[in-house]
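# Chains, contacts and geometry: an overview
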Number of protein chains: 2
Amino acid sequence: MTVDRDSMEPIYQQVARLMRARIDSGEWPPGYRLPSEPDLAGSYQVNRDTLRKSVRVLVDEGHLAVVRGKGTFVIKPEG
Amino acid sequence: MTVDRDSMEPIYQQVARLMRARIDSGEWPPGYRLPSEPDLAGSYQVNRDTLRKSVRVLVDEGHLAVVRGKGTFVIKPEG
DNA sequence: AAATATTTGTACGTATGTATG
DNA sequence: GCATACATACGTACAAATATT
């Protein structure tokens, strides 16, 4: 062992975890439109590019859907 | 009709097409390691970030595999 | 209808970190 | 240790789709 490995997690994954928690907890319910990317980036103190990486993770997981010009929405269970 | 729509294609997709063509043509055969991202970015006259988007497209299509620290490789038919 | 504002998408530039050779 | 190659992160600007006034 090389002492304490795997304690590093990229920021965008950390943010993705935080956002996932808000979805799972119901704070961001199905159909909810998230704050804008610049707003979220500000909230999490990260760059917009980094935030968008986090969003992509959740989109890939099927938790979020992004619609250009409209916003980012929490996916509903059925669809 | 709104006159000639859909004639706009993002640069990263254009580059993805060019790269796909080189794979399909056999210029980049299975197992081949592509030039480095900075080199490819220079060849196609785009930013490295843009080139990485193109690569992601081909990875998602199953044409390429990216290995950190090693390079980007053309996927072999079988695996 | 038209102009404006909002929101996501694309593109470039730069710096630093991590994995591999 | 050093060089190479991919990964992450930040900043900036403008384009495109949508919504609002």
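As the structure is a prediction and not an experimental result, all values here were calculated from the model.

### Remarks on the packing of aromatic side chains
Residue and element names in this part refer to chain A. Counted by the stated rule, this structure contains two aromatic pairs over all chains. Plain terms: the ring middles of Trp28 and Tyr32 are 6.2 Å apart, the flat faces sit at 20° to each other, and that makes the pair stacked. In this structure Trp28 comes out as buried when scored by relative accessible area, which is 3%. By relative accessible area, Tyr32 is classed as partly exposed at 31%. A cation over a ring is seen here: Lys53 above Tyr12, with NZ or CZ 5.4 Å from the ring centre.

### Thoughts on the confidence of the model for chain A
With 89% of its residues at a pLDDT of 70 or more, chain A shows a mean pLDDT of 90. Least confident of the elements in chain A is helix H3 (residues 48-60) of chain A, whose mean pLDDT is 96; most confident is strand S2 (residues 71-74) of chain A, at 98.

### Here's the deal with unusual backbone geometry
Positive phi, close to 60°, is recorded for A:Gln45, a residue that is not glycine. With a relative accessible area of 72%, A:Gln45 lands in the exposed category.

### Notes on the protein's contact with DNA strand D
Within the structure, DNA strand D sits among 23 residues, and A:Ile11, A:Thr50, A:Arg68, B:Glu37 and B:Arg52 are positioned closest to it. Each atom of DNA strand D within 4 Å of the protein was classed as base or backbone; sugar and phosphate made up 76%. Note that a phosphate oxygen of DNA strand D is positioned 3.5 Å from one of the side-chain N or O atoms of B:Thr72. If you list the elements that add at least two residues to the surface near DNA strand D, you get helix H1 (11-24) and H3 of chain A together with helix H3 (48-60), strand S1 (64-67) and strand S2 (71-74) of chain B.

### Topic: H3(A)
All names here are of chain A. The end-to-end C-alpha separation of H3 is 18 Å, in line with the 18 Å expected for 13 residues at 1.5 Å each. Taken residue by residue, H3 has Leu51, Ser54, Val55 and Leu58 as its buried positions. Along H3, the residues classed as buried sweep out an arc of 100° about the axis, all on the same side. Looking at the packing, one finds that the buried side of H3 touches H1, helix H2 (37-44), strand S1 (64-67) and S2. Of the residues that open H3, the one with a side-chain oxygen 2.7 Å from the backbone nitrogen of Asp49 is Asn47. Just past H3, the residue Gly62 takes up positive phi, approximately 85°.

### Some points on the side chain of A:Glu37
Residues and elements named next belong to chain A. When you line up the elements, Glu37 lands in helix H2. Taking relative accessible area as the criterion, Glu37 reaches 14% and is therefore assigned buried. At a separation of 2.8 Å, a polar atom in the side chain of Glu37 contacts the side chain of Arg48.

### Focus on the pattern of salt bridges
Once the charged atoms of two side chains with opposite charge are near each other, the side chains can pair. Residues and elements named next belong to chain A. A full pass over the atoms with the stated rule returns ten salt bridges over all chains. In this structure, Arg20 engages Glu61 in a salt bridge whose closest nitrogen and oxygen atoms are separated by 2.9 Å. Of this pair, Arg20 sits in helix H1 while Glu61 is found in the loop between H3 and S1, placing the two residues 41 residues apart along the sequence. Through salt bridges with shared partners, a single network forms among Glu37, Arg48 and Arg52.

Basis of the calculations
- Residues numbered from 1 in each chain as written.
- Chains lettered and ligands numbered in written order.
- Predicted model: local features only at pLDDT ≥ 70, side-chain atom pairs only at ≥ 80, totals over all residues.
- Heavy atoms only, no water.
- Phe/Tyr/Trp six-rings, centres within 6.5 Å; stacked < 30°, edge-to-face > 60°.
- Buried < 20%, exposed > 50% of the residue type's maximum accessible area, 1.4 Å probe, protein only.
- Lys NZ or Arg CZ within 6 Å of the ring centre and 35° of its normal.
- pLDDT = per-residue confidence, 0-100.
- Helix = DSSP H or I, 4+ residues; strand = E, 2+ residues; numbered from the N terminus.
- Near = heavy atom within 4 Å.
- Polar contact = N/O pair within 3.5 Å; in protein donor to acceptor, adjacent residues only side chain to side chain.
- Expected span 1.5 Å × (residues − 1).
- Arc of directions from axis to C-beta.
- Contact = heavy atoms within 4.5 Å.
- Salt bridge = Lys/Arg side-chain N within 4 Å of Asp/Glu carboxyl O.

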